[in-house]
Amino acid sequence: MTTVTGVSRAGHGREWGSVPEELSARVPAEQRGPGRDRDSVRLLVSRGTEVSHHAFVELPRLLRAGDLLIVNTSATLAAAVDGRIGHARVVVHFSTRGDDGRWAVELRDPDGRGTTRARAGGPAGTVVRLPGDVRLVLEEPLSERGARLWWGRVPDTDVPALLRRYGRPIRYAYTDRDQPLSAYQTVFALPSDDGAGSAEMPSAARPFTSRLVAELVSRGVQFAPVTLHTGVASAEAHEPPYPERFEVPAVSARLINAARAGGGRIVAVGTTAVRAVESAASEDGLVRAAKGWTGLVVTPERGVRAVDGLLTGLHEPEASHLLMLEAIAGGAAVDRGYAEALRRRYLWHEFGDVHLVLPREKSSL
């Protein structure tokens, strides 16, 4: 382990710079060499502006008895399906199922390399032909913020069954090749009764293995499951998240409140877990059972109420997720951590290394 201390405040301009292309994790950790597993990634730890470097398998020794991890149980969908508009090939990314049975979808153009590039959505009434003689009819944009995502209807079709038969995981251009759906499932993923799930993997939890979870439990670390079904992120525009379905069960709310009352640290595994639990937290930090839709965007101005720390992947300078990190750790800590991640050549994106943000240790003096 190595440790560096100090302050390197870059401000909202993210002067720590852009992420070099070669730092994109192109394949899962377990495919990067013999004898490797999902937990064979690096772990950057920030406590205020103090930064230390670890292997992810050291996580049980960085937490302590009484700490609690909030984990997202949403399963990843095979959300990308090939289609046609007239004679033109398109790829449909199924993002979110609405309460009225429609789906928020994004249309993409295939780029000839197995990935896709951005495409304008719409117009209303556009018919996309999908495998199995299925039709998707675009009806209206999801939001006034832009026309990237559209509400569409798939008449007389079980969309989760369609995805299971014809879909594949959404893949971005920085990856080397298609991966099986199992590569995008976390150890915490549970099937939903209605077939709902996440269009993109809640990737902060990907490095966890059953072995590591067992070690954490044996050391007295608790787990509180929540659910937030993530939609399709904007790889090009880095938009803030759209409203997403979530649930914080009553038993998880009780576990979180009890851990806090007992002096444990509440650490969310992933930005999705933060959005879920903060959507169920009152101003005094008390968490209650809740479910429905959340459009919460956690910013430094809003702050956090129930969460003390965060385990997350590494995000690009434009990503809205960095505002959440600032809300938890402060801007100076985020900039210091990311400057160190670049200097030490950590890997970015869903198959990459991870960042643990913990509260600064209080002095015993």
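What you see as residue numbers is a count from 1 along each chain, following the sequence as written. Given that the model is predicted, a residue must reach a pLDDT of at least 70 before its local features are reported, and side-chain atom pairs must reach 80 or more before they are shown or counted; all residues, however, enter totals for whole chains, interfaces and linings. To obtain the side-chain values, all non-hydrogen atoms of the structure were used and water was disregarded.

The next point concerns helix 4 (residues 250–261). Its twelve residues place the ends of helix 4 17 Å apart at the C-alpha level, agreeing with the 16 Å of an ideal helix rising 1.5 Å per residue. Turning to helix 4, the residues buried within the fold contact strand 4 (68–72), strand 12 (222–228), strand 13 (244–248), strand 14 (266–269) and helix 5 (271–279). Numbering of helices and strands starts at the N terminus; helices are DSSP runs of H or I of at least 4 residues and strands are runs of E of at least 2. Within two residues after helix 4, Gly-263 carries a phi angle of roughly 90°, on the positive side. A helix is expected to span 1.5 Å for every residue after the first. For this analysis, residues touch if any pair of their heavy atoms sits within 4.5 Å.

The next point concerns the nonpolar core. The set of buried Ala, Val, Leu, Ile, Met, Phe, Trp, Tyr and Cys residues whose side-chain atoms join them within 4.5 Å is what this entry labels a nonpolar core. Residue exposure (1.4 Å probe, protein chains only): buried if accessible area is under 20% of the type maximum, exposed if over 50%, otherwise partly exposed. If you look at the biggest cluster of nonpolar residues, it comprises 41 residues, and the most contacted ones within it are Ile-70, Val-248, Ile-256, Val-287 and Trp-348. Top element by residues in this core is helix 6 (residues 321–329). It accounts for five residues. For Trp-348, the residues in contact, after removing those within four places along its chain, are Val-19, Leu-23, Ser-24, Ala-25, Leu-314, His-315, Glu-316, Tyr-338, Ala-341 and Leu-342. Ranked by size, the runner-up nonpolar core spans 27 residues in total, among them Trp-103, Leu-138, Val-154 and Ile-170.

All right, on to helix 7 (residues 331–343) then. In this model helix 7 runs 18 Å from its N-terminal to its C-terminal C-alpha over 13 residues, within 8% of the 18 Å that 1.5 Å per residue would give. In terms of burial, helix 7 is largely enclosed, as ten of its 13 residues are buried. All of the buried residues in helix 7 are Gly-331, Ala-333, Val-334, Asp-335, Arg-336, Gly-337, Tyr-338, Glu-340, Ala-341 and Leu-342. Following helix 7 by one or two positions, Arg-345 has its phi on the positive side, about 60°.

In terms of residue burial, strand 16 (residues 309–313) counts as a mostly covered element, since five of its five residues are buried. Neither face of strand 16 is exposed, since Gly-309, Leu-311 and Gly-313 on one face and Leu-310 and Thr-312 on the opposite face are all buried. Bridge analysis of strand 16 against strand 17 (residues 354–358) gives four bridges, and the strand direction is antiparallel. Counted as the bridge partner of Gly-313 is Val-354 from strand 17. DSSP calls a pair of strands paired once it identifies at least 2 bridges connecting them.

Along the chain, Leu-77 turns up in the loop between strand 4 and strand 5 (80–85). A relative accessible area of 11% means that Leu-77 is categorised as buried. Between the C-alpha atom of Leu-77 and that of Ile-170, which follows or precedes it by 93 residues, the distance is 8.7 Å. In this view, Leu-77 contacts Trp-103, Leu-163, Pro-169, Leu-181, Gly-195, Ala-196, Gly-197, Ser-198 and Ala-199; residues no more than four positions away in its chain are not counted.

As a further point, take the packing of helix 5 against helix 6. Two quantities define a packed helix pair, namely the angle between the helix axes and the distance between the axes. Orientation of helix 5 relative to helix 6, taken along the N-to-C sense of each, is 65°, at an axis distance of 11 Å. In the packing of helix 5 onto helix 6, the handedness of the crossing is left-handed. Contacts from Thr-271, Val-274 and Arg-275 in helix 5 reach His-321, Met-324 and Ile-328 in helix 6. Note that Gly is not counted as nonpolar here; it falls among the polar residues with everything else outside the nonpolar set of Ala, Val, Leu, Ile, Met, Phe, Trp, Tyr, Cys and Pro and the charged set of Asp, Glu, Lys and Arg. Here the residues of the contact of helix 5 with helix 6 are counted per class, giving three nonpolar, two polar and one charged. Each axis is a line fitted through C-alpha atoms, and for a helix only the stretch in contact is used; angles between axes span 0 to 180 degrees, taken between their N-to-C directions. Should the near helix be turned anticlockwise from the far one by less than a right angle, the crossing is left-handed, and should it be turned clockwise, the crossing is right-handed.

Here the focus is the packing of aromatic side chains. Here the aromatic set is Phe, Tyr and Trp, taking the six-membered ring for Trp, and pairing holds for ring centres within 6.5 Å; pairs whose planes are under 30 degrees apart are stacked, those over 60 apart are edge-to-face, and all others are tilted. Counted according to the given criterion, the structure contains seven aromatic pairs. On the basis of an interplanar angle of 65° and a centroid distance of 5.3 Å, the ring pair of Phe-188 and Phe-208 is categorised as edge-to-face. Of the two residues, Phe-188 is situated in the loop between helix 2 (159–166) and helix 3 (210–218) and Phe-208 in the loop between helix 2 and helix 3; the sequence distance between them amounts to 20 residues. By way of ring pairs, the aromatic residues Phe-56, Phe-188, Phe-208 and Phe-223 are connected into one cluster. Remark: a charge is flagged as sitting over a ring if the NZ atom of Lys or the CZ atom of Arg is within 6 Å of the ring centre and within 35 degrees of the ring normal. Sitting above the plane of the Tyr-346 ring, Arg-42 keeps its charged end 4.0 Å from the centroid.

Our next topic: the pattern of salt bridges. Side-chain pairs of opposite charge can arise where the charged atoms are in close proximity. By salt bridge we mean one thing: a side-chain nitrogen of Lys or Arg within 4 Å of a carboxyl oxygen of Asp or Glu. Under the counting rule described, the total for this entry stands at 23 salt bridges. Where Arg-260 meets Asp-308, a salt bridge forms, and the shortest distance between an N and an O atom there is 3.6 Å. One end of the pair, Arg-260, is in helix 4; the other, Asp-308, is in the loop between strand 15 (290–294) and strand 16, and 48 residues separate them in sequence. Residue Arg-343 is joined to Glu-340 by a salt bridge in which the shortest nitrogen-to-oxygen separation is 3.0 Å. With Arg-343 and Glu-340 both in helix 7, this residue pair falls three residues apart, about one helical turn. Residue Glu-340 is classed as buried on the basis of its relative accessible area, which comes to 5%.

The pLDDT score gives, residue by residue, the confidence of the prediction method on a 0 to 100 scale. For the protein chain, mean pLDDT is 91; residues scoring 70 or higher make up 92% of the total. Note that residues 1–13 has pLDDT below 50 and, in this model, 36 contacts with residues that lie over four places away or in other chains.

Attention now goes to the pairing of strand 7 (residues 103–110). With eight of eight residues buried, strand 7 lies mostly within the body of the structure. Bridge count for strand 6 (residues 88–97) against strand 7 is six bridges, and the pairing is antiparallel. By the bridge assignment, Val-92 is partnered in strand 7 with Leu-107. Where strand 6 folds back onto strand 7 in an antiparallel hairpin, the turn is made up of five residues, including Gly-101, whose phi is positive at roughly 90°. Bridge count between strand 7 and strand 8 (residues 116–118): three bridges; the pairing is antiparallel. Counted as the bridge partner of Pro-110 is Thr-116 from strand 8.

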